[in-house]
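# Results of the structural survey
Listed here are the chains, written in short residue letters.
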Amino acid sequence: MASLAQQFTGLRCPPLSSSGLSMKPKQTQRVGAFASPIVSSVAISNAQTKGRLELKKMFEEAYERCRTAPMEGVSFTLEDFQNALEKYDFDSELGTKVKGTVFSTDANGALVDITAKSSAYLPVQEACIHKIKHVEEARIVPGLREEFVIIGEIEADDSLVLSLRSIQFELAWERCRQLQAEDVVVKGKVVGANKGGVVALVEGLRGFVPFSQISSKTTAEELLDKEIPLKFVEVDEEQSRLVLSNRKAMADSQAQLGIGSVVLGNVQSLKPYGAFIDIGGINGLLHVSQISHDRVSDIATVLQPGDTLKVMILSHDRERGRVSLSTKKLEPTPGDMIRNPTLVFEKAEEMAQTFRQRIAQAEAMARADMLRFQPESGLTLSSDGILGPLTSDLPAEGLDLSDVPEGEDS
């Protein structure tokens, strides 16, 4: 086409005679009018061809990059892709623990986002180790992020069933093992009974307390819904076996109570032979003969269940878990417990101190009597009441017991 244009532009017409009209302008006009569209079409054709060539080259280069260096210039690497898979993909087998966020709750449970293809569901019965009616009672509300365990699958929509209760049970067993190792006394609420003993809740677990391991002779009905001190005897998660002892816990508590100590107690029940008093988780017996110096024919005229009173520890059998109590020893004058119990409680510590002094004096006199007949001990008691040494290793003046009064009959 270029050569054709050159041919047209290179034409030369011979000059006409001067007498005729010159045709040169007309010929030039025709040539110009014919030459302009031809040149334009040639230019467009060249541009399209060039564009096609450039596009072809670009695709060839792109194909070569995909074949030889597919990740060149890409910020998201294969390692990033693998990390993303690990972050958002998880093992959905039963027993697998997953992290999730609660986004909706209803009367039956809660919906949880665990970044799976569908939401997971937490039933209300699996929301807490304790029995609840709504998940919000266990502080499960939208926005809570927690670790759950997969316990099932709903086939209708392939969604998973979750549990918090299972995880809480694991933690409770672990806690009980620690408390057993540390030999700690815990409180357990009695929630049931059978022929062999009572059932108590400890750390959310149901433990068994045999009747042989209950310190008092209180019946199962009397213990129901009450908290009692307990120690762990056996903790076996695999066998779901949790055995507890009230007797061992009582023995430890009683070790802290000295003879003559005054403690606050609550009357639990009345019997013809006395009253059972709860003294900080320990059941003690206030025998009818130890209520007052005056004779008490009917305990109900002096005490009633629920009464709060001060009692003195008279004795306790740690092996059998029995504690004997007295208000008789706290009376300023005989019969005050019947006539004016308020005065007895006001003077309780003072009277108990006097009682302890008398006990100590009586014990000292008993030891002195024993030493009087045991010269090999190195001590002797003179006729003046002076306990002195037989050797020079002890103080010459000895120990003066002349002012010790006779101990009263307790």
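Remember, it's a predicted structure, so these values are computed and weren't measured experimentally. (Residues numbered from 1 in each chain as written. Predicted model: local features only at pLDDT ≥ 70, side-chain atom pairs only at ≥ 80, totals over all residues. Heavy atoms only, no water.)

## Observations regarding unusual backbone geometry
Phi is positive for Asp183, close to 55°, though the residue is something other than glycine. Along the polypeptide, Asp183 turns up in the loop between α4 (165–181) and β6 (186–193). On the accessibility criterion, Asp183 (48% relative accessible area) is partly exposed. Notably, Asp225 is not glycine yet its phi reads approximately 70°, a positive angle. Following the sequence through the fold, Asp225 ends up in the loop between α5 (220–223) and β9 (227–236). (Helix = DSSP H or I, 4+ residues; strand = E, 2+ residues; numbered from the N terminus. Buried < 20%, exposed > 50% of the residue type's maximum accessible area, 1.4 Å probe, protein only.)

## Observations concerning the side chain of Ser326
By the secondary structure assignment, Ser326 is in strand β15 (residues 322–326). Among the polar contacts listed, one links the side chain of Ser326 to the side chain of Gln290, at a separation of 2.8 Å. Ignoring any residue separated from it by four or fewer positions in sequence, one finds Ser326 in contact with Leu286, Gln290, Val311, Met312 and Leu314. (Polar contact = N/O pair within 3.5 Å; in protein donor to acceptor, adjacent residues only side chain to side chain. Contact = heavy atoms within 4.5 Å.)

## Structural notes on α4
Helix length check: α4 (17 residues) gives 24 Å between terminal C-alpha atoms against 24 Å at 1.5 Å per residue, within 8%. Asp183 lies just past α4 and shows a positive phi near 55°. (Expected span 1.5 Å × (residues − 1).)

## A look at the pairing of strand β14 (residues 308–317)
Where strand β11 (residues 262–271) meets β14, five bridges bridge the pair, whose relative direction is antiparallel. Note on β14: the bridge partner recorded for Leu264 is Lys310. (Pairing = 2+ DSSP bridges.)

## Some remarks on the pattern of salt bridges
Counted under the stated rule, the structure contains 10 salt bridges. For Lys271, the salt bridge is made with Glu222, and the minimal N-O distance between the two is 3.7 Å. In this pair, Lys271 is assigned in strand β11 and Glu222 in helix α5, connecting sequence segments 49 residues apart. Accessibility expressed as a relative area gives 26% for Glu222, which makes it partly exposed. Between Arg339 and Asp336 there is a salt bridge; the shortest N-O distance is 3.7 Å. Residue Arg339 and its partner Asp336 are both found in helix α7 (residues 336–339); the two are separated by three residues, about one turn of the helix. (Salt bridge = Lys/Arg side-chain N within 4 Å of Asp/Glu carboxyl O.)

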